[in-house]
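Fold and contact review
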Amino acid sequence: MLSTTLRTLRTRWVTFAASFVALCLGVALIAVMGLALASSLDAPGRGPERFAAAPVVVRGQDTLDVPTRKGRRTQKLAQPRAVPAAAIAKLRGLGTVVEDRSFAVRADGGPSDLVGHPWSTAAFAPYELDAGRAPEAADEVVVSGDWARPGTRVRTDRGTVRVVGTVAGLGFENAVFCTDARAAGLSPRSLQLVVDADAAAVREAVRGSAGVRVLTGDARRYADADPDRDGEALTAMNAMFGTAGGVTGFVAVFVVASTFAFAVAQRRREFGLLRTAGATPGQIRRMVVSEALVVGALASAAGCVLGSYGAPKLAEWAVDESLAPRWFTIGDHTWPYPMAFSTGLFVALCGVLAASWRAGRTGPAEALREASVDTRAMTWGRGLSGAALLITAAVTSALALVTDPGDLLHRKTYVSRPMLLITGVALLAPVLVPPLTRLIVWLPARLPGASGMLVRENAAAGVRRTAAVAAPVLVTVALAGSLLGATATLDEARATEARERTAADFVVTPAGDAGFDEATLKRLRAVSGAKVSASSSSAVFVLEDGVALIRSDARAVEPGPLAATARLPLAAGKVSDLDDDSVIVNEEWERHTVGERVDVWLGDGTRKSLRIAAVMTIGTGDNGVYVTPRNAPAAPVDRVDVRLADGAGPATVAAGLRQAVRASGGQVRTRDAWLRATHSGTGRTTRTGLFLVLGIALLYTGISLANTMVMATSDRARELAVLRLAGATGWQVLWLVGAEALMVVVIGGLLGALVAGIGLAGLWSALGLLSVRTSIEVPWAALAAVLGACAVIAVGSAVVPAGLRLRRGAVKPAGARE
């Protein structure tokens, strides 16, 4: 049987080459994603940066630590606390104390991420002057990097300053240093300080100060601006590569299994002849499995080698696109290779087992009859499996709509749920193909000539072939429609929520992250014809079920001005009932009955019992919490909503607002301009990651589509010869082959659109249940591009092999072997 297997591989090399390519690429994709995921599990050790040369750093309370029945739960505070004054007084008795301050700076011609510090903290990095001198006056600064030289005057959002010195950049920030007095004026709150004293003495001095941390050694990195950025980067990369790996793994398994099953189904005549010659069903099955093992092992090994070259390229691209931090590289991991190899081999065997079992059970005469027409393309097992998957998808979606509609809005849900539908529809394709074929060619079949009728009958006679070729198109269209449509629909839903919530005519935002000072707020409130509502970003923490410490984003507002400039989506209660003893929550909270009291921790960690004044609908998750400014201590005002008074002119009010923020820096935008700037759609990183997922999947399915079309066309030599004997010209035959390929693409596109439409309809229903009224956003341009690319690939992959067959000029008799 082994010799028969080897001779079969040599004779039907086109079919096996296509299967080899599909499996090789699939294993390569799985290996690449496995290597990327394995490399994103651990970050390299990182030491302190800004305070690498500091002896001891003392930091105020910046976390909330709550004991629960299942251990302690920790969350980062929205407003970290400063080191208590009493502790600072004790520390000054131990040695020199330098208070650290940081604030954002915007400068003409400078980097977009400039951050300001007092000059006294420069030595702790350490920064060293390489030109000029230290700042001495309020309008003098030292900058890092080479974007400005000593003597240059630079206009910033903090006023015009003169560069008097430069320091070499250290890679982790773009710094601007000013005098300590100027820094204290720009950033009054100091959350941490450096103490030149013995660490043990420092710890003894701050003993009893709740939440104060003494940082030494590598722990000093927790005083850096973003100490958790490596962990956050790992989480983001794990999510991105996990999603990409899941999608590409599904696509690879789906396409490879379909390709191998189709390769076996093509050989029914061959199996019939072997049965006639005396081969037993077991021998046929062993031959098919042996072929799959040979091709699968070679293709899987080649795929692992290809993946080892592709993974570093993916890592470089992810770093260049800022999807991964600068330190990210592919590590020396080995487990993805055996995982990818075994997956490829397993999928190859699974792809041929069902088809080989059916081929072995078929009698010789029946097999020969089935060689020309697919009379039993749908088996009971395939039909039951497809129906079970569709029922499972429908039941899980219905349960989610009834119990937790918000679950359908999560990325993991709208990425994974279409896969059930895709597999179920693909399994039922032999049932769906005939009616779709009749529908598509209904009009062409009635036009003069036999072309339309031939297209219809060829598709009906070769249901397996049509379903196999349509499968990659189904995957591409369904994934593109589901993923892009879901993100676009959710973006539109969030934008709709923001439009409905915002009743202001203008929105004023500060230039930096320090917020507006009291003088600026006083000038804004004094603008004639303006109703001003100032608000601050904060957070509220609540312990749910006694074990989960949940953080909810909050805005600190005055109830009266809020009612004039916002339309909150209330399910119960009134905005006017909000006071210093109450809170506005949403229905997602475990306790959300108006009048009920709930124990919470405020943004600075203060525990307080508040009465629920009103309850908002859940929406897309952006309906947070509202408290009064007294319950958001130290939260700077970062947004001012302005409503025009009766009879006030928009231009006059806008000019007054711009004049009010001119000294401190700020931006005045109309409601529509602010909404466009803050709700413009999916972020760049998320969008790029999404296109990574789709790009890899679509590229692979495109190649697989070409493979399947070449396989299908190469097996039709006898059919093409019969058409030529019947009088068809070469161009007519090519036109017929191209029309059939185009029709199959349309069938796959319709099935894919059906899958995407079902998924988007479920998402839209979930949004409706969450009180968000929005439209379904269908990515028509992307779907048209995907379908057009599939059409070009399919037609080209069908017409070129057919043309090569016709150019040989060999018209073989009906019984001749190819």
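Computed from a prediction, not measured in an experiment: that's the story for all the values here.

1. Focus: the overall build of the protein chain
- From N to C terminus, the protein chain includes 23 helices and 23 strands.
- Counting over 818 residues, the protein chain shows a buried share of 49%.
- A separation threshold of at least 6 residues defines the contact pool for the protein chain, and within that pool the share at least 24 residues apart is 80%.
- Of the roughly 36400 Å² of accessible surface on the protein chain, 59% is carried by carbon and sulfur atoms.

2. A word on the packing of helix 12 (residues 411-427) against helix 13 (residues 429-440)
- Look at helix 12 against helix 13: their axes get within 5 Å of each other, and the N-to-C directions meet at 70°. Comparing the axis directions of helix 12 and helix 13 gives the class roughly perpendicular. Contacts between helix 12 and helix 13 involve Val425, Ala426 and Leu427 on the former and, on the latter, Ala429, Pro430 and Leu432.
- Among the residues making up the contact of helix 12 with helix 13, the classes are represented as 6 nonpolar, no polar and no charged.

3. Topic: helix 11 (residues 380-403)
- The end-to-end C-alpha distance of helix 11 is 34 Å, a good match for the 34 Å that 24 residues give at a rise of 1.5 Å each.
- Looking only at helix 11, the buried set comprises Gly383, Gly386, Ala393, Ser397 and Ala400.
- The inward-facing, buried residues of helix 11 abut helix 12.

4. A short note on the packing of helix 13 against helix 22 (residues 730-769)
- Viewed as axis vectors pointing N to C, helix 13 and helix 22 meet at an angle of 115°, and their least axial separation amounts to 10 Å. Considering the relative orientation of helix 13 and helix 22, their crossing is right-handed. Of the residues in helix 22, those touching helix 13 at Leu432, Val433, Leu436, Thr437 and Ile440 are Met743, Val746, Ile747, Leu750 and Leu751.
- Residue composition of the contact of helix 13 with helix 22, grouped by class: 9 nonpolar, 1 polar and no charged.

5. Examining a nonpolar patch on the surface
- Taken together, the side chains of Val21, Leu699 and Ile703 make up a nonpolar region of the molecular surface, amounting to roughly 230 Å² of accessible area.
- Relative to the helices and strands, Leu699 resides in helix 20 (residues 684-714).

6. Comments concerning the packing of aromatic side chains
- Taken as a whole and assessed by the stated rule, the structure comprises 3 aromatic pairs.
- Summarising the aromatic geometry, the rings of Trp119 and Phe177 are spaced 5.6 Å apart at their centres and angled 85° between planes, so their arrangement reads as edge-to-face. Placement of Trp119 in the loop between strand 6 (114-118) and strand 7 (129-132) and of Phe177 in strand 11 (residues 174-178) is noted, with a sequence separation of 58 residues between them.
- By relative accessible area, which is 22% here, Trp119 ends up partly exposed.
- The buried category is assigned to Phe177, whose relative accessible area is 1%.
- Measuring from ring centre to ring centre gives 5.1 Å for Tyr127 and Phe177, while their planes differ by 70°; the resulting arrangement is edge-to-face. With Tyr127 in the loop between strand 6 and strand 7 and Phe177 in strand 11, this residue pair connects regions lying 50 residues apart in the sequence. Judged on exposure class, the residue Tyr127 and its partner Phe177 are both buried.
- Members of the aromatic cluster, joined through ring pairs, are Trp119, Tyr127, Phe172 and Phe177.

7. Describing the nonpolar core
- If you look at the biggest cluster of nonpolar residues, it comprises 103 residues, and the most contacted ones within it are Phe241, Val247, Val251, Phe254, Ile422, Leu479 and Tyr700.
- With 16 residues, helix 15 (residues 463-501) is the largest single contributor of residues to this core.
- Not counting the four nearest positions on each side in its chain, Phe254 is found in contact with Ile422, Thr423, Ala426, Ala471 and Val475.
- Listed in part, the 19 residues of the second largest apolar core include Val508, Val532, Val637 and Leu644.

8. Topic: the sheet that holds strand 4 (residues 97-100)
- Strands sit in the order 4-12-1-13 across an open sheet of 4 strands; the sheet is antiparallel. The open sheet has two free edges, formed respectively by strand 4 and strand 13 (213-215), since each of these has just one partner strand. The average undirected angle you get between the axes of adjacent strands in this sheet is 25°.

9. With respect to unusual backbone geometry
- With an omega dihedral of 0°, the bond running from Ala125 to Pro126 counts as a cis peptide bond.
- Within the secondary structure, Pro126 is located in the loop between strand 6 and strand 7.
- One non-glycine residue, Ser771, adopts positive backbone phi at about 70°.
- Of note, Ser771 is situated in the loop between helix 22 and helix 23 (780-808).

Each value, and the rule that gives it
Here, residues in each chain are numbered from 1, in the same order as that chain's written sequence. Selection of residues for local features in this predicted model requires a pLDDT of at least 70, selection of side-chain atom pairs for listing and counting requires 80 or more, and totals for whole chains, interfaces and linings are taken over all residues. Note that the side-chain values use all heavy atoms of the structure and ignore hydrogens as well as water. Numbered from the N terminus, helices here are DSSP runs of H or I no shorter than four residues, and strands are runs of E no shorter than two. Accessible area is worked out with a 1.4 Å probe on protein chains only. A residue is then buried under 20% of its type maximum, exposed over 50%, and partly exposed in between. A contact between two residues is defined here by any heavy atoms of the two lying within 4.5 Å. Only the protein chains shown count as cover for residues, and the accessible areas themselves come from Shrake-Rupley with a 1.4 Å probe. Helix axes are fitted only over the stretch in contact, all axes being lines through C-alpha atoms; the angle between N-to-C directions runs from 0 to 180 degrees. An angle below 35 degrees is treated as roughly parallel, one above 145 as roughly antiparallel, one from 65 to 115 as roughly perpendicular, and anything else as oblique. Ten residues, namely Ala, Val, Leu, Ile, Met, Phe, Trp, Tyr, Cys and Pro, are considered nonpolar, four, namely Asp, Glu, Lys and Arg, are considered charged, and the remaining ones, Gly among them, are considered polar. A helix is expected to reach a length of 1.5 Å times the quantity of its residues less one. The hand of a helix crossing depends on one turn: near helix anticlockwise from the far one by less than a right angle means left-handed, and clockwise means right-handed. Within this analysis, patches are made of residues with over 30% relative accessible area and no salt bridge. Like charges are joined at 9 Å or less; nonpolar side chains (Val, Leu, Ile, Met, Phe, Trp, Tyr) at 5 Å or less. Every case where a carboxyl oxygen of Asp or Glu lies within 4 Å of a side-chain nitrogen of Lys or Arg is listed as a salt bridge. Note on aromatic contacts: the rings of Phe and Tyr and the six-membered ring of Trp form a pair at centre separations within 6.5 Å, being stacked when their planes are under 30 degrees apart, edge-to-face when over 60 apart, and tilted otherwise. To qualify as a nonpolar core, a set must consist of buried Ala, Val, Leu, Ile, Met, Phe, Trp, Tyr and Cys residues joined through side-chain atoms within 4.5 Å. Two strands are counted as paired when DSSP detects at least two bridges linking them.

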